[in-house]
Amino acid sequence: MLYPIILKLESRPCLVVGGGKVAERKVNSLVDAGAKVAVISPMITENIQKWVDQGTVRYQGRGYQEGDAAGYFLVVAATDLQEVNDLVTRDCNQRNILINTVDNPEGSNFYVPATIRRGDLQIAISTGGASPAVARRIRQSLEVQFGEEYGEFLTLMARLREQVLREVPCPVRRKAIFDSLADADLLELIKCGEEKRLKERVAQCLSSSLD
Ligand SMILES: C[C@@]1(CC(=O)O)C2=NC(=C\c3[nH]c(c(CCC(=O)O)c3CC(=O)O)Cc3[nH]c(c(CC(=O)O)c3CCC(=O)O)/C=C3\N/C(=C\2)[C@@H](CCC(=O)O)[C@]3(C)CC(=O)O)/[C@H]1CCC(=O)O
Ligand SMILES: NC(=O)c1ccc[n+]([C@@H]2O[C@H](COP(=O)([O-])OP(=O)(O)OC[C@H]3O[C@@H](n4cnc5c(N)ncnc54)[C@H](O)[C@@H]3O)[C@@H](O)[C@H]2O)c1
């Protein structure tokens, strides 16, 4: 069974080998996660070139050479040449580096899931490599259910959580407050832009559990 985690990549050196369509998708999500991304590839897409020009991505315009992966925290082997991807994978597995090989699920020690992001909420969908096309469809259907309002909702919940942790010493009361906030119709009120009722409802949840 695969082990799901949420990885912190802020400032971690990550390498993408290859500069085509698939590499571009992986570079994009690594940059979004705040990683320090390097690309090694003789050719790169226009978008990767743009990130290089902006200084977001470091680029070496050449083929991968044995040992290049050393020192990276995470590597993606995304060339269209199986022998190159195999070499990168071997280099990483020898060094216990996290490796995602786009043409060889067995050689990878992690897969990239289809992902929905709504502020602090992330929903990751994986079929364990069985069918990326199915993962994509599940993402598309969940995107309808989990709308943009979840971003604001979780920002509010995080702020209220800090406040309650600071102000309510009793863990049983804290739990009651968190449950009542999560059960209330705050999402609906955010979605409809009902700011006044939202404030009232939050105040109700905070005070009812304080009795
Ligand atoms: C989720 C997503 C994340 C991302 O890459 O960002 C992702 N693939 C996506 C798209 C996509 N992938 C493919 C197509 C072309 C259509 C088709 O062939 O279906 C499309 C385009 C499309 O469907 O739109 C083909 C494909 N994919 C893999 C192979 C190799 C193989 O299986 O041997 C081949 C065959 C290559 C060939 O030989 O042609 C392998 C992997 N792809 C994975 C992830 C990992 C397993 C995820 C899971 O556990 O389910 C895994 C194992 C490794 C990895 O890459 O991490 C992203 C959807 C994002 C989204 O839309 O939300
Ligand atoms: N995992 C996935 O989600 C997924 C999806 C579709 C396809 N694929 C697989 O990914 C592979 C790549 O797809 P693509 O559409 O990005 O291909 P592409 O042809 O657009 O890009 C290939 C890239 O590899 C680079 N490259 C070639 N030799 C290299 C070397 N020696 N060192 C470094 N870089 C080198 C090329 O310069 C090019 O930038 C496909 O062959 C397919 O097997 C995977």
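Named according to an unreviewed UniProt entry, the chain is precorrin-2 dehydrogenase originating from Heliorestis convoluta. Per its UniProt entry, the chain bears the Catalytic activity (unreviewed entry) comment "precorrin-2 + NAD(+) = sirohydrochlorin + NADH + 2 H(+)". The Pathway (unreviewed entry) field of the UniProt record for the chain holds the comment "Porphyrin-containing compound metabolism; siroheme biosynthesis; sirohydrochlorin from precorrin-2: step 1/1."

**Considering the packing of helix H5 (residues 149–167) against helix H8 (residues 195–208)**
In contact at an axis separation of 13 Å, H5 and H8 are set at 35° when each is read in the N-to-C sense. Every pair of crossing elements has a handedness; the one defined by H5 and H8 is right-handed. Residues Leu-156, Leu-160, Gln-163 and Val-164 of H5 lie in contact with H8, whose contacting residues are Leu-198, Val-202 and Leu-206. Its residues placed into classes, the contact of H5 with H8 shows 6 nonpolar, 1 polar and no charged.

**What to know about the site of ligand 1**
Around ligand 1 sit 19 residues in total, of which Lys-26, Val-112, Ser-126, Thr-127 and Arg-139 are the nearest. Backbone polar atom of Val-112 to an oxygen atom of ligand 1: 2.8 Å apart, as the coordinates give it. In this structure, Arg-139 approaches ligand 1 through a side-chain N or O atom, which is 2.4 Å from an oxygen atom. In the complex, 65% of the free accessible area of ligand 1, which totals 1,000 Å², lies under the protein chains. Mapped onto the shell around ligand 1, the elements with two or more residues apiece are helix H1 (21–32) and helix H4 (132–145). Tallying contributions element by element places H4 first for the shell around ligand 1, with 5 residues. Looking at side-chain class alone, the shell around ligand 1 contains 9 nonpolar, 5 polar and 5 charged residues.

**Some thoughts on helix H2 (residues 46–53)**
Every buried residue of H2 is listed here: Ile-48, Trp-51 and Val-52. Axial view of H2: buried residues confined to an arc of 105°, hence all on one face. Among the exposed residues of H2, those pointing more than 90 degrees away from its buried face are Glu-46 and Asp-53. Looking one or two places after H2, you find Gly-55, whose phi comes out positive at around 85°.

Cut-off values and rules
- Residues numbered from 1 in each chain as written.
- Chains lettered and ligands numbered in written order.
- Predicted model: local features only at pLDDT ≥ 70, side-chain atom pairs only at ≥ 80, totals over all residues.
- Heavy atoms only, no water.
- UniProt positions renumbered as here; feature names shortened; annotations may be inferred.
- Axes fitted to C-alpha atoms, helices over the stretch in contact; angles between N-to-C directions.
- Helix = DSSP H or I, 4+ residues; strand = E, 2+ residues; numbered from the N terminus.
- Left-handed = near helix turned anticlockwise from the far one by under 90°.
- Contact = heavy atoms within 4.5 Å.
- Nonpolar A, V, L, I, M, F, W, Y, C, P; charged D, E, K, R; others polar.
- Near = heavy atom within 4 Å.
- Polar contact = N/O pair within 3.5 Å; in protein donor to acceptor, adjacent residues only side chain to side chain.
- Areas by Shrake-Rupley, 256 points an atom, 1.4 Å probe, with all protein chains shown as cover.
- Buried < 20%, exposed > 50% of the residue type's maximum accessible area, 1.4 Å probe, protein only.
- Arc of directions from axis to C-beta.

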